[in-house]
Amino acid sequence: MSEQIRFNLTENDLPKRWYNINADMPVPPNPVLHPGTLEPVTPDFLSVLFPMELILQEVSSDRYIDIPEEVRDVYRLYRPTPLLRAVRLEKALETPAHIYYKYEGASPVGSHKPNTAIPQAFYNKAAGTQALTTETGAGQWGSALAFAASLFDIPVEVYMVKVSYQQKPYRRILMETYGAKVFASPTEHTQYGQSVLAADKDNPGSLGIAISEAVEAAAASGGAKKYSLGSVLGHVLMHQTVIGEEALMQMDLAGEYPDVVIGCVGGGSNFAGIAFPFLRQNLKDGQRTRLLAVEPQAAPSLTQGVYAFDYGDTAKMAPIVKMHTLGHSFIPAPIHAGGLRYHGMAPLLSALCDSGHVEAVAVPQVSTFEAAHQFARHEGILPAPESAHAVRAAIDQALDAKQKGEKRTILFNLSGHGHFDLAAYEAFLAGQLTDYQYPEDKVKAAQAELPEVALAA
Ligand SMILES: *Cc1c(COP(=O)(O)O)cnc(C)c1O
């Protein structure tokens with residue numbers, strides 16, 4: 001008899017609540033600081049950028065927050081997402097381990113990002129926001145927000161990193177199809193963009209610069225426009241917990257419970273989405289699942305960064321938070337996993353790593369693509385280069401179990417598909433990909449620019 005490989009939920013199983021880990025954090029929260037004064041921010045400062053409902057979610061200590069029906073209605077377009085067992089990959093690896101994956105590439109834009117884009121568009125619409133501003137690197141987040149905003153009928157302005165705008169047109173075209181306005185950042189529309197271009201008219205842009213421009217565009221709009229962020233913040237991580245809540249039910253259908261849960265980390269949202277509900281079971285229900293975050297060696301904030309207060313963006317306009325950081329002025333090497341090129345990490349995840357509740361590992365680019373290639377050949381799905389980091393770690397876990405002769409149940413989040421990343425696969429197949437060594441000197445230089453924060457005890 002062949003093994004069951006799909007564990008299907010119905011529309012009725014779609015979670016009704018998000019899980020808010022603030023309620024169960026084993027360590028107290030750190031303050032969020034104003035980038036100018038270095039003092040704790042006031043709700044006034046945040047309300048320039050975000051609608052009140054999202055600010056309240058950010059600071060809420062309620063364990064569960066109801067998902068509005070309007071949001072669940074849109075989730076129903078693609079949720080619950082599939083959970084599968086990778087039996088062909090297991091056979092190829094000759095491992096006694098069982099490998100399960102949750103497939104978030106099933107969303108209309110091909111990643112987990114709509115899980116937060118949809119509620120963000122909904123709450124902004126409800127608050128009367130006239131337009132949203134945001135940044136995007138290669139376009140995953142921009143296309144998710146453009147999709148969500150088109151359903152709730154809000155205009156979107158996307159500041160897209162200039163090199164991606166020029167070299168990766170397809171996600172830009174997708175955003176424009178959904179009705180978004182897409183600008184190549186640095187632009188002449190913002191003062192910060194102008195200052196960057198004045199210093200270097202050929203500046204290729206970076207995610208940090210694009211964030212600064214999107215924040216400025218919202219802050220300067222007199223309340224008409226709000227800013228939307230696709231990762232890092234607590235409410236974003238919370239919106240993603242639908243992934244883990246579904247996975248708990250699906251693992252139950254499979255009759256197994258994971259020994260290890262794995263996800264890739266850029267800002268930390270898809271990992272938190274799958275891992276936090278399992279962490280709750282560890283904290284509240286006596287489970288002992290290992291939670292493993294996987295980052296690229298080229299931007300290793302959790303494994304090599306310092307745990308310190310730092311700016312969220314390059315221009316020092318975004319709030320200062322305590323996180324694992326490589327330094328806000330650090331610009332990671334141009335690896336193909338654009339979504340993992342961020343200098344910092346979600347504060348909630350940083351705190352949980354610091355307290356030992358979450359583990360982290362960094363993997364190099366070439367072996368990451370080798371894992372994705374192996375996965376595609378046995379399971380059919382072509383992983384996004386970001387998600388490939390989780391695939392690498394899952395295969396490494398399966399090989400470790402084999403070497404030790406252990407049964408092990410592995411669950412990883414396949415955060416997206418790679419259909420817009422075929423140029424990266426082309427380079428891989430041609431043997432043209434390289435590894436980037438950890439840039440110790442550049443990180444040291446960037447970390448010398450951390451803000452000096454003196455907090456009242
Ligand atoms: C953006 C993105 C990531 C990284 O962001 P997180 O907030 O860390 O999840 C990972 N995978 C895919 C497919 C992405 O689009």
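Below is a short write-up of the structure. It should be emphasised that the depicted structure is a prediction, and the values quoted were computed from it without experimental measurement. (Residues numbered from 1 in each chain as written. Predicted model: local features only at pLDDT ≥ 70, side-chain atom pairs only at ≥ 80, totals over all residues. Heavy atoms only, no water.)

### A short note on the overall build of the chain
Quick note on the threshold: Only runs of H or I of at least four residues qualify as helices and only runs of E of at least two qualify as strands under DSSP, and these elements are numbered from the N terminus. Throughout, the radius of gyration refers to the C-alpha atoms, and the reference size of a globule is 2.2 Å times the residue count to the power 0.38. The rule is simple: take the accessible area with a 1.4 Å probe, protein chains only, and divide by the maximum for that residue type; under 20% is buried, over 50% is exposed, in between is partly exposed. Whether two residues touch is decided by their heavy atoms; if any such pair falls within 4.5 Å, the residues are in contact.
Secondary structure assignment for the chain yields 19 helices and 14 strands. Expected size for 457 residues packed as a compact globule is a radius of gyration near 23 Å; at 21 Å, the chain falls within 12% of this value. On the principal axes, the C-alpha backbone points of the chain span a range of 65 × 50 × 45 Å. Expressed as a percentage of its 457 residues, the buried residues of the chain come to 61%. In the chain, of all internal contacts separated by at least 6 residues, the share reaching a separation of at least 24 is 76%.

### A few points about the sheet that holds strand β9 (residues 260-264)
Applied cut-off: Note: two strands are recorded as paired if DSSP finds a minimum of 2 bridges between them. Note on definitions: angles span 0 to 180 degrees between N-to-C directions of axes, and those axes are lines fitted to C-alpha atoms, for helices only across the stretch in contact.
Spatially, β3-β4-β14-β9-β10-β13 is the arrangement adopted by the six strands of the open sheet, whose pairing is mixed. Every interior strand has two partners, whereas the edge strands, β3 (83-85) and β13 (359-363), have only one. Across the sheet, the axes of successive neighbouring strands diverge by a mean angle of 25 degrees, strand direction being ignored. Both strand β10 (residues 290-296) and β13 contribute to a ladder of five bridges, which runs parallel. Residue pairing for β13: Glu295 is matched across the bridge by Ala362.

### Some thoughts on the side chain of His112
Formally: In protein, a polar contact requires one atom able to donate a hydrogen and another able to accept it; more generally it is a pair of N or O atoms within 3.5 Å, and residues adjacent in sequence count only if both atoms are side-chain atoms.
Locating His112 in the fold gives a position in the loop between β4 (98-103) and α5 (114-126). A polar contact of 3.3 Å, which involves the side chain of His112, links it to the side chain of Ser269. Excluding residues within four positions of it along the chain, His112 makes contact with Glu104, Gln240, Ile243, Ser269, Asn270 and Ser415.

### Things to note about the site of the ligand
Rules: We define proximity as follows: a residue is near a molecule or strand when any one of its heavy atoms falls within 4 Å of that partner. In this classification, Asp, Glu, Lys and Arg are treated as charged, Ala, Val, Leu, Ile, Met, Phe, Trp, Tyr, Cys and Pro as nonpolar, and every other residue, Gly included, as polar.
Around the ligand, a shell composed of 19 residues is seen, among which Lys113, Ser231, Gly266, Ser269 and Ser415 lie nearest. The separation between an oxygen atom of the ligand and a polar main-chain atom of Gly266 is 2.7 Å. At a separation of 2.7 Å, a nitrogen atom of the ligand approaches a polar side-chain atom of Ser415. Per-class residue counts for the shell around the ligand are four nonpolar, 13 polar and two charged.

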